[in-house]
Amino acid sequence: MNFLRKYLLLLIFNFSLIFSFSSTTNDVENIFADEFGYQNEKTSEIPETLNILQGMRVSTIDPAMIKDNYSKRTIPLMYDTLFTFNKNGDIKPCLVKNYKWLNDRELSIELKTDIKFHDKSILTAKDVKDSLEYLKKNGTLKTFYSEITDIKVLNTKELIIKIAEKDSLFLTALTYEISSIAKRNEKGIIGTGPFSIKSFNGKTLKLERFPNYFNGISSIKKVNIGEEVNESQRLIALFNDKANIALDVTEKSLNNAKEYGIIDDDVAVEKSEETESTVLMFGNQKNYSIESRKAIESAVQRTADSFFPSTMFTPRLSKVNIDYNTSKAKENINKAGLKNKEVNIMVLNTNNSMEQAEKIKASLEKAGMKVNLLPHQIDSYYIKFQNKDFDLAIFNVAFNSNYTVFNLGKVLLYDIGDMEMYNALQPFLKIIKEEKDKEKRDQVFDKIVQLIYKDLPYIPISHGKTLIVGAEKYKYIKR
């Protein structure tokens, strides 16, 4: 493809985006600018440098402090967990050489020998103890690990972890990215993973391969992970060879890019492991009654027929009725005293989010409400979201089917921020932890979700998986 044709394609594609209801985040003149902090390197079959663009920036490189999926997905590149999942979904040792349950509450662990941190020091049992105790005391989801009552170091390679009560999911907890083993000292946070941290400026995370990695040296020398909030621009970066991989891409944007010749039809594409739910979240600016929340829910046309994605479990009790009736929606809005009432919806200023917002706006206005859309850039959006300083907000919640209980906890403790509800559900969570049969656990989980849904902390709009474009390159670091 010659330069002129390439440039014309980009102009056409960008103008098509500019004249849609949401503008792109970059000017057309800056298409070729090195805005992501990367070198403009051509891709190859196995590139030495892997440049990855995702929808949001990495917010933290400390596994214990993970709150968002964009940071969580980078953790396995820098750190290792005691256990992990194999391709069949079974738990297997990672940093662990041998382990056994001495009884229902004591787990004996022997670490593998000669595992090195990125500062070349050897991993010891004390390092594991320090890392887990830090997680239990300071971690974002420290409540999950409060069941650890004691960690006894026997020698440099052996330790015993004691928990408060029988927990069939405890090994699963030790595979979770937030449980990654890290050393914290005056030099920063140090891991044992396949890549070490070269630099992190709050926007771009630059990694380089660790030559002493115990599980095999990566064929990739460097990995750069950057943020581009507009998915169309992520695809343009792929087209310009500024990126090898574009994450968080919707099928609609991919097809649009293919139509304009920006992306070839034979490009390698895979679905993400996580299921992403688009939800309409209630904030703290207004105190909506349950009746009002239900009325708003009835007025929104959506595709999500379950509160949590059905990829996590089979919803029965928590099944959501999405039958839509305009007359009934108007009646509910009027009965709740919301007719002609003004509602403000905070939304991230991206094409996809704005498209969702416009559909919700149209539904609510059809039912008799007045709707203002308040687009925000990423920084102001997340500051307001974390403080729940909004009326309503369109938000994306990520779920992984391997971690149903942990997904639930994260949603309650962080996304919704309802500690009271989380504590009220502890008896049910205890049953899940003690139950070994997955089908029975799912039945209890279904009941928990039904109880959460009764309070309607948010309205699920859609569930789906985003795409990994450039998946043939992503496999080189996917673990």
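Residues numbered from 1 in each chain as written. Predicted model: local features only at pLDDT ≥ 70, side-chain atom pairs only at ≥ 80, totals over all residues. Heavy atoms only, no water.

**Considering the sheet that holds strand β18 (residues 392-399)**
Strand order in this open sheet of 5 strands is β17-β16-β18-β15-β19, and the pairing throughout is mixed. What marks the edges here is a single partner per strand, and that holds for β17 (370-376) and β19 (458-464). Direction aside, neighbouring strands of the sheet carry axes that sit 30° apart on average. Of the pairings in the sheet, the one linking strand β16 (residues 342-348) to β18 comprises 2 bridges and is parallel in character. When the sheet's bridge partners are listed, Met346 is paired in β18 with Ala393. Each of β15 (275-282), β18 and β19 is contacted by helix α12 (residues 404-415), which is oriented at about 155° to β18, the strand it contacts most. (Pairing = 2+ DSSP bridges. Helix = DSSP H or I, 4+ residues; strand = E, 2+ residues; numbered from the N terminus. Axes fitted to C-alpha atoms, helices over the stretch in contact; angles between N-to-C directions. Contact = heavy atoms within 4.5 Å.)

**Observations regarding the packing of aromatic side chains**
Remark: the centre distance and the inter-plane angle together describe each pair of aromatic rings, the angle taken between the planes. Taken as a whole and judged by the stated rule, the model has 21 aromatic pairs. The interplanar angle of 45° and the centroid separation of 6.2 Å between the aromatic rings of Phe308 and Phe445 together place this pair among those described as tilted. Of this pair, Phe308 sits in the loop between α8 (290-299) and α9 (326-335) while Phe445 sits in helix α15 (residues 438-455), and the two are 137 residues apart along the sequence. Of the two residues examined, Phe308 and Phe445, each falls in the buried class. (Phe/Tyr/Trp six-rings, centres within 6.5 Å; stacked < 30°, edge-to-face > 60°. Buried < 20%, exposed > 50% of the residue type's maximum accessible area, 1.4 Å probe, protein only.)

**Concerning the nonpolar core**
A general tendency of soluble globular proteins is for nonpolar side chains to be buried together. Core analysis: the biggest nonpolar cluster contains 99 residues, and Leu82, Ile296, Phe308 and Leu364 have the highest contact counts within it. Once you skip the residues sitting within four places of it in the chain, Leu364 turns out to touch Ile296, Ala299, Val300, Val343, Ile345, Met369 and Val371. By size, the runner-up hydrophobic cluster in this structure holds 22 residues, among which are Val58, Phe195, Ile220 and Ile225. (Core = buried A, V, L, I, M, F, W, Y, C linked by side-chain atoms within 4.5 Å.)

**As for the packing of α8 against α15**
Across the interface, α8 lies against α15 with an axial gap of 9 Å and an inter-helix angle of 100°. Compared by their axis directions, α8 and α15 come out roughly perpendicular. Residues Ile290, Arg293, Lys294 and Glu297 of α8 pack against Tyr453, Lys454 and Asp455 of α15. Split by residue class, the contact of α8 with α15 holds 2 nonpolar, no polar and 5 charged. (Parallel < 35°, antiparallel > 145°, perpendicular 65-115°, else oblique. Nonpolar A, V, L, I, M, F, W, Y, C, P; charged D, E, K, R; others polar.)

**Section: helix α7 (residues 251-259)**
The α-helix advances 3.6 residues per turn, and as a result positions three or four apart in sequence lie on the same side. Buried within α7 we find Ser253, Leu254 and Ala257. Down the axis of α7, the buried set is contained in an arc of 100°. They therefore lie on one face. Residues of α7 that are exposed and angled more than 90 degrees away from the buried face: Glu251, Lys252 and Glu259. Residue Gly261 follows α7 closely and has a positive phi angle near 80°. (Arc of directions from axis to C-beta.)

**Structural notes on the environment of Asp442**
Relative to the helices and strands, Asp442 resides in helix α15. Measuring from C-alpha to C-alpha, the distance between Asp442 and Asn255 comes to 36 Å, with 187 residues separating the pair along the chain.

**So, the confidence of the model for the protein**
Overall, the prediction assigns the protein a mean pLDDT of 87, with 90% of residues at 70 or greater. Per-element mean pLDDT across the protein ranges from 52 in helix α1 (residues 3-18) up to 98 in strand β5 (residues 106-111). Confidence over residues 18-44 falls short of pLDDT 50; this stretch has 68 contacts with residues more than four positions distant or in other chains. (pLDDT = per-residue confidence, 0-100.)

**Some remarks on the pairing of strand β12 (residues 222-227)**
Regular strands show a simple pattern: their side chains alternate between the two faces of the sheet. Where burial is concerned, most of β12 is hidden: 5 out of the 6 residues are buried. As paired elements, strand β1 (residues 49-54) and β12 share 6 bridges and run parallel to each other. Its bridge partner lying in β12, Leu53 is registered against Gly226. One ladder, built from 4 bridges, connects strand β11 (residues 205-209) with β12; its direction is antiparallel. Bridge pairing in β12 places Leu207 opposite Val223.

**Some details on the sheet that holds strand β6 (residues 148-153)**
Read from one edge to the other, the open sheet built from 4 strands follows the order β4-β5-β7-β6, with strand pairing classed as antiparallel. Looking at strand neighbours, the two that pair on one side only are β4 (96-103) and β6, the edges of this open sheet. Each adjacent strand pair in this sheet contributes to an overall mean axis angle of 20°, direction not counted. Note that β5 and strand β7 (residues 158-163) share 5 bridges and pair antiparallel. What sits directly across from Ser108, in β7, is Ile160. Packed on one face of the sheet, helix α4 (residues 125-138) meets β5, β6 and β7 and runs near 165° to β6.

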